[in-house]
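Letter by letter, the chains look like this.
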Amino acid sequence: DEAGFVDALIAHLIRENTPPLVFPIGEDYLECLARHAPRLTSYCKLVIPAPQTVFACLDKSRMYHLAEQLGIPLADTQVVSSERQAVVAAESMGFPVVIKPIDSLRPFLTGKKAIICTAQEDLSRFFRFRPDKNDLVILQKFVQGYRHDCEFAAKDGHLVAYFEMRVLRTDRIDGTGYGVEVVSVAPSMTLRRHCETLAKSLNYSGVGAAQFLVE
C-alpha cells in the first residue's frame, strides 16, 4: 500500500524533533520516495538524486539509448512487443539472445530479471506463457562475461568516489540473478570513464551504480 506507507512515514517524520535525512535502500523505495518527493520534502531531506534522474535511470530502454548516444559499448538491443518482432530481431542479432523487462523494478512473474534464449523455441515459449501480451520487452544480444558493479558517488555530474566489484556467482545458475558472491577489484579506468560520462550526461548528484559485463 504505497499511499499508506507514505502517510505512515510522514506521521513518523512529524514526531521527529528535527528534520531527518531519509536514505532509501533498494530501488522499490527509491522510486516510491522520488514519486512522492513534493510531499515528503516538507518533513525531511531525501538523500536521493533528482526525481527525474531516478525515473530516467530506472527506464532500461532510455538508459540503453543514452549509452548508445554517448558511445558507451552496448550489446545489440531492440524493444519488441510480439513474438514475430522478437524472432526477426533475434535472427538479425544471432542467438543466443536475452529478454529483459523494460522496467527494472518489475521482473517477470517467474522472478527472473532476464531470460536467456538459445533458439527460436525459447522465444516462442516465453511469448506463449507471458501474462500480458501487450507488454514491451527488451531483446538484447547475449554477452558472456563477469558482471562488474561500479558503485560511485557524484556531485553535479562529477564523480567524487568510485568502487568496483566483480560478481562471481548469482542466485541463479545461469548467472542472471542477484549477486551472492563478489570480490572487489582494482578500478578499471575504462569503466570509471563510462560512469563519469553517464553521470555528466545526467547531471547526477548522489550515490549510484552502473553495471557492465566484462569478457
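The structure we're discussing is the one just above.
K.L.:
Give a detailed account of the packing of helix H6 (residues 83-93) against helix H7 (residues 120-129), specifying residues and quantitative values.
P.N.:
When two helices pack together, their arrangement is given by the angle between their axes and by how far apart the axes lie. Packing of H6 against H7 leaves a shortest axis separation of 10 Å and a crossing angle of 155°. The angle between H6 and H7 falls in the class roughly antiparallel. When the axes of H6 and H7 are compared, the crossing they make is right-handed. Note on element contacts: H7 touches H6 through Gln-120, Leu-123, Ser-124 and Phe-127, opposite Glu-83, Ala-86, Val-87, Ala-90 and Glu-91. Looking at side-chain class alone, the contact of H6 with H7 contains five nonpolar, two polar and two charged residues.

K.L.:
Account for the sheet that holds strand E5 (residues 115-117), naming residues and giving values.
P.N.:
If you trace the four strands from one edge of the open sheet to the other, you get E3-E6-E4-E5, paired in antiparallel fashion. Looking at which strands have only one partner, the edges of the open sheet turn out to be strand E3 (77-80) and E5. Each strand of the sheet is rotated relative to its neighbour by a mean of 25°, with strand direction disregarded. Pairing of strand E4 (residues 97-101) with strand E6 (residues 137-141) involves five bridges; the strand directions are antiparallel. Bridging across to E6, Val-98 finds its partner in Gln-140. Here H6 sits on the sheet and contacts E3, E4 and E6; the angle it forms with E3, its principal contact strand, is near 170°.

K.L.:
Would you mind going over the packing of aromatic side chains in detail, with residue names and values included?
P.N.:
Following the criterion strictly, the structure yields three aromatic pairs and no others. Here the aromatic rings of Phe-5 and Tyr-29 are separated by 6.3 Å at their centres, their planes lie at 50°, and the arrangement is tilted. One end of the pair, Phe-5, is in helix H1 (residues 2-15); the other, Tyr-29, is in helix H2 (residues 27-35), with 24 residues separating them in the sequence. Look at Tyr-29 and you get partly exposed, because its relative accessible area is 46%. Here Phe-152 and Tyr-204 contribute two aromatic rings whose centre-to-centre distance is 5.5 Å and whose plane-to-plane angle is 65°, an arrangement assigned as edge-to-face. With Phe-152 in strand E7 (residues 146-155) and Tyr-204 in the loop between helix H8 (189-202) and strand E10 (206-214), this residue pair connects regions lying 52 residues apart in the sequence.

K.L.:
Summarise a nonpolar patch on the surface; cite the residues concerned and give the values.
P.N.:
A grouping of Leu-21, Phe-23, Ile-25, Val-47 and Val-207 is seen on the molecular surface, where their side chains present a nonpolar patch of about 520 Å² in accessible area. In this structure Val-207 comes out as partly exposed when scored by relative accessible area, which is 48%.

K.L.:
Tell me about H8, residues and numbers included.
P.N.:
Over its 14 residues, H8 extends 20 Å from the first C-alpha to the last, a length consistent with the 20 Å expected when each residue adds 1.5 Å. Of all the residues in H8, the buried ones are Leu-191, His-194, Cys-195, Leu-198, Ala-199 and Leu-202. In an axial view of H8, the angular spread of the buried residues amounts to 130°, which keeps them on one side of the axis. Turned more than 90 degrees from where H8 packs its buried face, Met-189 and Lys-200 sit exposed. Trailing H8 by a residue or two, Asn-203 shows a phi angle of about 50°, which is positive.

K.L.:
Provide a residue-level description of the sheet that holds E7, including the pertinent values.
P.N.:
Spatially, four strands are ordered E9-E8-E7-E10 in an open sheet, and the strand pairing comes out antiparallel. Looking at strand neighbours, the two that pair on one side only are strand E9 (179-184) and E10, the edges of this open sheet. Across the sheet, the axes of successive neighbouring strands diverge by a mean angle of 35°, strand direction being ignored. Note that strand E8 (residues 158-170) and E9 share five bridges and pair antiparallel. Each residue of the ladder has a partner; that of Met-165, found in E9, is Ser-184. This element, H8, spans E7, E8 and E10 of the sheet and lies at about 125° to E8.

K.L.:
If you had to explain the pairing of E7 to someone new, which residues and values would you point to?
P.N.:
For E7, the buried fraction is high: seven of the 10 residues fall into the buried class. Inspection of the sheet shows E7 paired to E10 by nine bridges, in the antiparallel sense. Bridged to Phe-152 within E10 is Gly-208. Of the pairings in the sheet, the one linking E7 to E8 comprises nine bridges and is antiparallel in character. Looking across to E8, one finds that Ala-153 is bridged to Ala-161. Taking the residues between adjacent antiparallel strands as the criterion, E7 and E8 are bridged by two residues, where Asp-156 takes a positive phi near 50°.

The rules behind each value
- Residues numbered from 1 in each chain as written.
- Predicted model: local features only at pLDDT ≥ 70, side-chain atom pairs only at ≥ 80, totals over all residues.
- Heavy atoms only, no water.
- Axes fitted to C-alpha atoms, helices over the stretch in contact; angles between N-to-C directions.
- Helix = DSSP H or I, 4+ residues; strand = E, 2+ residues; numbered from the N terminus.
- Parallel < 35°, antiparallel > 145°, perpendicular 65-115°, else oblique.
- Left-handed = near helix turned anticlockwise from the far one by under 90°.
- Contact = heavy atoms within 4.5 Å.
- Nonpolar A, V, L, I, M, F, W, Y, C, P; charged D, E, K, R; others polar.
- Pairing = 2+ DSSP bridges.
- Phe/Tyr/Trp six-rings, centres within 6.5 Å; stacked < 30°, edge-to-face > 60°.
- Buried < 20%, exposed > 50% of the residue type's maximum accessible area, 1.4 Å probe, protein only.
- Patch = residues over 30% accessible without salt bridge, like charges linked within 9 Å, V, L, I, M, F, W, Y side chains within 5 Å.
- Areas by Shrake-Rupley, 256 points an atom, 1.4 Å probe, with all protein chains shown as cover.
- Salt bridge = Lys/Arg side-chain N within 4 Å of Asp/Glu carboxyl O.
- Expected span 1.5 Å × (residues − 1).
- Arc of directions from axis to C-beta.

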